[in-house]
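# Examination of the molecular architecture
One-letter residues, chain by chain:
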Amino acid sequence: MEFTALREEDFVAQQPVKPAMAQASAPPVSAAKVLASGSPAVETAIPSRTGPAQLRWDGPTSARAGASFNVALRVTSGEHIRAAPMQVRFDPKVLESVSVRPGRYFGADKGSFGFRVNADGSIFVGASNQTPSPAADAEFVVLTFKPIRPGVAAEIAVASLNLQGAAGRTIAYNSIASFRTNITP
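Residues numbered from 1 in each chain as written. Predicted model: local features only at pLDDT ≥ 70, side-chain atom pairs only at ≥ 80, totals over all residues. Heavy atoms only, no water.

### Quick look at the side chain of E139
Looking at the element boundaries, E139 is found in strand β9 (residues 135–147). Each residue touching E139, except ones within four places of it in the same chain, is listed here: A72, L73, R74, G103, R104 and Y105. (Helix = DSSP H or I, 4+ residues; strand = E, 2+ residues; numbered from the N terminus. Contact = heavy atoms within 4.5 Å.)

Following this line, the structure appears as structure tokens:
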């Protein structure tokens, strides 16, 4: 069997003439989009993957000393996020870490999730998703804190993050502003 190059003009000239109505509704098929069987290849839609991922904190602007509050890290990305190892920092003199849990994006039935809270005010999180998908303001991780000292501002920041795509490739993201809340008596 011998293969030869076929210019698009030659390919189109060899195709049977279709009724005018069918030609108007069907997109043109280029030689590059034809399978070996001679059938047009079916193209699948891929979600837009333009721009870096966007991350933001979602939580209360103030919290009462002694009363727990939740803060969630949310993400929007056209890329399929498979894993997201990260480190979060907070001041242990101002906040006490109560719990760390996966957000809906890394839910229990979707992948694995682990964390370690250190006395120095750092939280290491390892999260992966067996069925990665694009994220539209998806809840990534939810942290619960209890404010210790009233009359101060508490800050929670992402110290490091490595968003990984389905093939392990690094996904770019915009800088993440720290979360701040005022502690009231």
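The rest of the description comes next.
### What about the environment of S97?
Secondary-structure assignment places S97 in strand β6 (residues 95–102). C-alpha of S97 to C-alpha of N118: the two residues are 21 residues apart in sequence and 9.4 Å apart in space. With residues up to four places along the chain from it excluded, the contact list for S97 reads F90, V117, I123, T144 and F145.

### Notes on the sheet that holds β9
Strand order across the open sheet formed by four strands is β1-β3-β9-β6, with antiparallel pairing between neighbours. Each of the sheet's edge strands pairs with one partner strand only, and the pair in question is β1 (54–58) and β6. The average undirected angle you get between the axes of adjacent strands in this sheet is 25 degrees. Of the strand pairs in this sheet, β6 and β9 are connected by seven bridges, and their pairing is antiparallel. Paired with L95 across the bridge in β9 is P147. (Pairing = 2+ DSSP bridges. Axes fitted to C-alpha atoms, helices over the stretch in contact; angles between N-to-C directions.)

### Topic: the pairing of strand β12 (residues 179–184)
Residues F179, T181 and I183 of β12 are buried on one face, while the alternating residues R180, N182 and T184, pointing to the opposite face, are not. As paired elements, strand β2 (residues 62–64) and β12 share three bridges and run parallel to each other. When the bridges of β12 are listed, A63 appears paired with I183. Pairing geometry for strand β10 (residues 153–161) and β12, over four bridges, is antiparallel. In the strand pairing of β12, A153 is matched with N182. (Buried < 20%, exposed > 50% of the residue type's maximum accessible area, 1.4 Å probe, protein only.)

Interpretation in functional terms is not warranted from these geometric data alone.
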